[in-house]
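Listed below, chain by chain, are the residues.
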Amino acid sequence: MSKAIYPGSFDPITNGHLDIIKRASKVFDKIVVAIMYNPNKKMTFSIEERIELIKECTKDIDNIEIITDDGLTINLAKKIGANVIVRGIRAVVDYEYELQIATTNMVLDKNIETLFFAARSEYSFLSSSVAKEIAMHGGDISKFIPIEIKDKVTQKFK
Ligand code: ADP
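Residue numbers restart at each chain and count upward from 1, following the sequence in its written direction. Per-residue local features of the predicted model are confined to residues with pLDDT of at least 70, and side-chain atom pairs are confined, for both listing and counting, to 80 or more; whole-chain, interface and lining totals are unaffected and use all residues. To get the side-chain values, all heavy atoms of the structure are used, and hydrogens and water are removed first.

K.L.:
So what about the overall build of the protein? Which residues, and what values?
P.N.:
Put simply, DSSP marks the helices as runs of H or I at least four residues long and the strands as runs of E at least two long, and each gets a number from the N terminus on. Looking only at helices and strands, the protein features 6 helices and 5 strands. Listing every helix and strand of the protein by position from the N terminus yields β-α-β-α-β-α-β-α-β-α-α. For this measure, only C-alpha atoms enter the radius of gyration; the expected value for a globule follows 2.2 Å times N^0.38, where N is the number of residues. By the compact-globule yardstick of 15 Å for 158 residues, the protein fits well, its C-alpha radius of gyration being 15 Å. When its C-alpha atoms are laid out on the principal axes, the protein stretches across 45 × 35 × 35 Å.

K.L.:
Which residues make up the site of the ligand, and what are the values?
P.N.:
Definition of nearness: a residue and a molecule or strand are near each other if at least one heavy atom of the residue lies within 4 Å of the molecule or strand. As a structural note, the neighbourhood of the ligand is formed by 16 residues, with Y6, S9, G88, Y123 and L126 the closest of them. The term polar contact refers here to a pair of N or O atoms within 3.5 Å; inside protein, the definition further demands a hydrogen-donor-capable atom paired with an acceptor-capable atom, and it admits residues adjacent in sequence only when both atoms are side-chain atoms. A distance of 3.3 Å separates a nitrogen atom of the ligand from a polar side-chain atom of R90. Contact between the ligand and Y123: a nitrogen atom at 2.9 Å from a main-chain N or O atom of the residue. Note on areas: Shrake-Rupley with a 1.4 Å probe; residue coverage comes only from the protein chains shown. Burial of the ligand by the protein chains amounts to 86% of its free accessible area of 550 Å². Residue assignment for the shell around the ligand shows that the elements contributing at least two residues are β1 (3-8), α1 (15-27), β4 (84-89) and α4 (92-108). Under the convention adopted here, Pro, Cys and the residues Ala, Val, Leu, Ile, Met, Phe, Trp and Tyr are nonpolar, Asp, Glu, Lys and Arg are charged, and Gly plus all remaining residues are polar. For the shell around the ligand, a count of residues per class yields 7 nonpolar, 5 polar and 4 charged.

K.L.:
Lay out the nonpolar core in plain terms, naming residues and giving numbers.
P.N.:
As used in this record, nonpolar core signifies buried Ala, Val, Leu, Ile, Met, Phe, Trp, Tyr and Cys residues forming a set joined through side-chain atoms within 4.5 Å. Buried means the residue's accessible area, taken with a 1.4 Å probe over protein chains only, is under 20% of the maximum for its type, while exposed means over 50%, and partly exposed covers the values in between. In this structure, I13 and V86 are the most contacted members of the largest nonpolar core, which totals 31 residues. What makes two residues a contact is simply this: any of their non-hydrogen atoms within 4.5 Å. The residues touching V86, leaving out its near neighbours within four places in the chain, are A4, I5, Y6, P7, I20, A24, F28, I31, L115 and F117. In terms of nonpolar packing, the next biggest core, distinct from the first, is built from 11 residues, A34, I74, L76 and A77 among them.

K.L.:
Please provide a residue-by-residue account of helix α2 (residues 47-57), values included.
P.N.:
Looking at α2, one finds that the buried residues are I47, R50, L53, I54, E56 and C57. In this fold, the buried residues of α2 make contact with α1, β2 (30-36), β3 (64-69) and α6 (150-156).

In structure tokens form, the structure reads like this:
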């Protein structure tokens, strides 16, 4: 069985993340979305809220699992038996950062591959921060955040 892990902050999940999850769910038998957190880093949504938000917009994907961890992705991948790490690349700025992580992970464990999904063009500018900035100023986030969770995310900034 092919199992991939998609790690990230997902603070909150955006249409860009969801697109990667959907595409990866067709490539692998199982896609494990891992909310990675650092207790010292301030996030907008709690871990519980982020899990709930992801669950709500991935109800129609049956080979998905959602987990959380505060350690190294590579150790988590090994622990759950995933031999692929999925990441998304939006633009050249992502490339440098992602290449550094992927190369480091390769040194830490040569049996786990990082596979990149190119962002769909309509989401290539989109990040959780951009969506939050719009919500914070009362803008319409419906093109950026999955429709199922739009109200909850908007509410957070009221
Ligand atoms: P991290 O803090 O680990 O970068 P994010 O939640 O911001 O966590 O992103 C997780 C992964 O999803 C990263 O590989 C990032 O490049 C990718 N990603 C984020 N937004 C998009 C998008 N709009 N389209 C495609 N990939 C994306």
